[in-house]
Amino acid sequence: VPRDLQPVQILLVEDNPHDIEITVRALKKGQIRNELLVARDGEQALEMLAAAREAGTLPGLILLDLNLPKVGGIEVLEAIKRDADMRRIPVIVLTTSSREEDVVRTYDLGVNTFITKPVGFDDFMRVVSTIQEYWIIIATLPANQRGGPAPVHAGEVP
Amino acid sequence: VNEAGPLHILLVENNNSDSEALARLMKRHDPTLRLTLTIDGDEALERLTTHGDPPNLVILDLGLTGRDGRDVLRAIKAHPNLRHIPVIVFTGSSRPTDVRNAYDAGASTFIRKPGSFEDFSRVVQVIHTYWSQAAVLPQEEAPV
């Protein structure tokens, strides 16, 4: 298991305040102090990513809800995965949907994992911890995306 | 338990001891797991394209004999009936270009094979937990 763990900047795209809260709490329980940015709709997510790309500070990991105001999660996923600079960023869809149609469509579009949000608080916490263990501790993320200064403050969670 | 159904993994690995260790560790966590073992890229692609009953997850080494893992990944991601299957690259390499190229080519995850058995065991357990308990995988019978 790698010993050279560095904080990873995670972009959470989520409009439900309750789900944001659980995700923040679960990530804080982890052994690494990752930086979390939050976009509250798909449009804001795309704006934050465009600004981060300009600054050369794209996030290391994206957690994406599907059912979002303004621009939906599928469109955000499509935009990320057809962009030469952003497509390598792992995107985890975290949604209440478990429809096979959504599962197959998002994997076809290049999602790195589709995860259905558990209903209960404890189960949700456990899933976020599992995501963190898998992606931050076990996986090797694309090298140029680790660390770096925070590019965007609009949606930052205090 | 994965609410979408059972896990069926295709492992593409030419190192027998890694292959056996991974199979043994995963089966210990999950006796119902279906694991198809292949030893090179041609065998893996043949298994994926000519058999029914496709796997819902692929674990792929990069350094294979014959057609290498990078080609296998590209072939899976270029195939309309296979491209939705997540591919985990599980390899001894940690070269930044291998990492970037794998994600660019559509790998779901790049995971470096740890050297020690203790770490290998933990990594395999985390991979299994993540894909069997957190992730939802495509389950449809893909026509191939």
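The numbering scheme is per chain: residues are counted from 1 as the chain's sequence reads. Following the order in which they are written, the chains are lettered starting with A and the ligands numbered starting with 1. Per-residue local features of the predicted model are confined to residues with pLDDT of at least 70, and side-chain atom pairs are confined, for both listing and counting, to 80 or more; whole-chain, interface and lining totals are unaffected and use all residues. With hydrogens and water stripped out, all remaining heavy atoms of the structure feed into the side-chain values.

(A) A look at the overall build of chain A. A run of H or I in DSSP counts as a helix once it spans at least four residues, and a run of E counts as a strand once it spans at least two, with each numbered from the N terminus. What chain A contains, in helices and strands, is five helices and five strands. Each residue is placed in one exposure class: buried if its accessible area under a 1.4 Å probe, protein chains only, is under 20% of its type's maximum, exposed if it is over 50%, and partly exposed if it falls in between. Out of the 158 residues belonging to chain A, those deemed buried represent 57%. Across chain A, the fraction of contacts at a sequence separation of at least 24, relative to all contacts at a separation of at least 6, is 72%. For the accessible areas, the method is Shrake-Rupley and the probe is 1.4 Å, while residue cover comes only from the protein chains on display. Accessible surface computed for chain A: about 6800 Å², of which carbon and sulfur atoms make up 48%. In this analysis, two residues are considered to be in contact whenever any of their non-hydrogen atoms come within 4.5 Å of each other.

(B) Summary view of the confidence of the model for chain A. Residue and element names in this part refer to chain A. On average, residues of chain A score 87 in pLDDT, and 85% of them reach the 70 mark or higher. A residue's pLDDT is the confidence the predictor assigns to it, expressed on a 0 to 100 scale. Of all helices and strands in chain A, the one with the weakest mean pLDDT is helix α1 (residues 17-29) (91), whereas helix α3 (residues 73-81) scores best (98). Contacts of residues 144-158 to residues separated by more than four positions or lying in other chains number 38 contacts, the stretch itself having pLDDT below 50.

(C) Layout of the interface of chain B and chain A. Between chain B and chain A, the contact holds 32 residues from the first and 31 residues from the second. What gets called buried area is simply the loss in accessible area from a 1.4 Å probe that two parts show on being joined, summed for both. When residues of chain B are sorted by the area they lose upon contact with chain A, Y103(B), Y130(B) and V136(B) head the list and together hold 24% of the total. Here a salt bridge means any side-chain nitrogen of Lys or Arg lying within 4 Å of a carboxyl oxygen belonging to Asp or Glu. Inspection of the chain B/chain A interface yields two salt bridges. Salt-bridge contacts for D104(B) lead to R88(A); the nearest nitrogen and oxygen are separated by 2.9 Å. Think of a polar contact as two N or O atoms within 3.5 Å of one another; within protein, one of them needs to be a possible hydrogen donor and the other a possible acceptor, and neighboring residues in sequence only count if both atoms come from side chains. In this structure, the connection of chain B to chain A is made through 14 residue pairs in polar contact (both at pLDDT 80 or more). For the side of chain B that touches chain A, the leading source of residues is helix α5 (residues 117-134) of chain B, giving nine residues.

(D) Quick look at the pairing of strand β1 (residues 8-12) of chain B. Residue and element names in this part refer to chain B. β1 sits mainly inside the fold: five of its five residues count as buried. Residues H8, L10 and V12 of β1 are buried on one face, and the alternating residues I9 and L11, pointing to the opposite face, are buried as well. When DSSP finds at least two bridges between two strands, those strands are taken to pair. The pairing of β1 with strand β2 (residues 34-38) spans five bridges and is classified as parallel. By the bridge assignment, I9 is partnered in β2 with L35. Between β1 and its parallel partner β2, the chain crosses via helix α1 (residues 16-29), and the hand of that crossover is right-handed. Of the pairings in the sheet, the one linking β1 to strand β3 (residues 57-60) comprises four bridges and is parallel in character. Opposite L11, over in β3, you have I59 as the bridge partner. The handedness of a crossover follows from its direction of travel: if, with the strands pointing away from the viewer, the path from the first strand over the helix to the second runs clockwise, the crossover is right-handed.

(E) The nonpolar core, seen in detail. Take the buried Ala, Val, Leu, Ile, Met, Phe, Trp, Tyr and Cys residues and link them wherever side-chain atoms come within 4.5 Å; each set so joined is a nonpolar core. W135(A), I127(B) and W131(B) are the most contacted members of the largest nonpolar core, which totals 100 residues. Sort the elements by how many residues they give to this core and helix α5 (residues 121-138) of chain A lands first, with 10 residues. Once residues lying within four places of it in the same chain are set aside, the contact partners of W135(A) are L61(A), P90(A), I92(A), N112(A), T113(A), L141(A), Y103(B), S108(B), T109(B) and Y130(B).

(F) Summary view of empty space enclosed by the protein. Residues and elements named next belong to chain A. Cavity means a closed set of points on a 1 Å grid over the protein atoms alone, one where a 1.4 Å probe fits but cannot get out, pocket means an open set with protein on both sides within 12 Å along at least 5 of 7 lines, and lining means a residue has an atom within 4 Å of a point. Grid points are joined across faces, edges and corners, and a volume is the space filled by probe spheres set on the points. Under the definition given, this model contains two cavities of 30 Å³ or more. Of the pockets and cavities examined, the second largest cavity occupies roughly 30 Å³. Residue lining of the second largest cavity: I10, L27, L61, L63, I131, Q132 and I136, and that is the complete set. Among the elements of the structure, β3 (61-64) and α5 are those that each provide at least two residues to the lining of the second largest cavity.

(G) Seen up close, the sheet that holds strand β4 (residues 91-95) of chain A. Within the open sheet, the six strands sit side by side as β2(A)-β1(A)-β3(A)-β4(A)-β5(A)-β6(B). Their pairing is mixed. Both edges of this open sheet fall to β2 (35-39) of chain A together with β6 (135-136) of chain B, since each of them pairs with a single strand only. Note that β3(A) and β4(A) share three bridges and pair parallel. Counted as the bridge partner of I62(A) is V91(A) from β4(A). Orientation is described by axes fitted as lines to C-alpha atoms, over the contacting stretch for helices, and by angles from 0 to 180 degrees between their N-to-C directions. This element, α5(A), spans β1 (9-13), β3, β4 and β5 (113-116) of chain A of the sheet and lies at about 175° to β4(A).

(H) Representation of unusual backbone geometry in the model. The phi angle at K70(A) is positive, at roughly 65°, despite the residue not being glycine. Its location among the elements puts K70(A) in the loop between β3 and α3.

(I) Region of the structure containing α3(A). Residues and elements named next belong to chain A. Along α3, seven of the nine residues are buried, which leaves the element largely enclosed by surrounding structure. Within α3, burial applies to G73, I74, V76, L77, A79, I80 and K81. In the core, the buried residues of α3 are packed alongside α2 (42-55), β3, β4 and α4 (100-109).

(J) Structural detail: the pattern of salt bridges. Taken as a whole, this structure holds 20 salt bridges over all chains when the rule is applied. With a shortest N-O distance of 2.8 Å, E14(A) and K117(A) are connected by a salt bridge. On the criterion of sequence distance, the pair formed by E14(A) in the loop between β1 and α1 and K117(A) in the loop between β5 and α5 is long-range, its members being 103 residues apart. The pair E14(A) / K117(A) is uniform in exposure class, with both members buried. Its salt-bridge partner being D68(B), residue R70(B) comes within 2.7 Å of it at the nearest N-O pair. Taking relative accessible area as the criterion, R70(B) reaches 29% and is therefore assigned partly exposed. A network of salt bridges, in which partner residues are shared, links E14(A), D19(A), D65(A) and K117(A).

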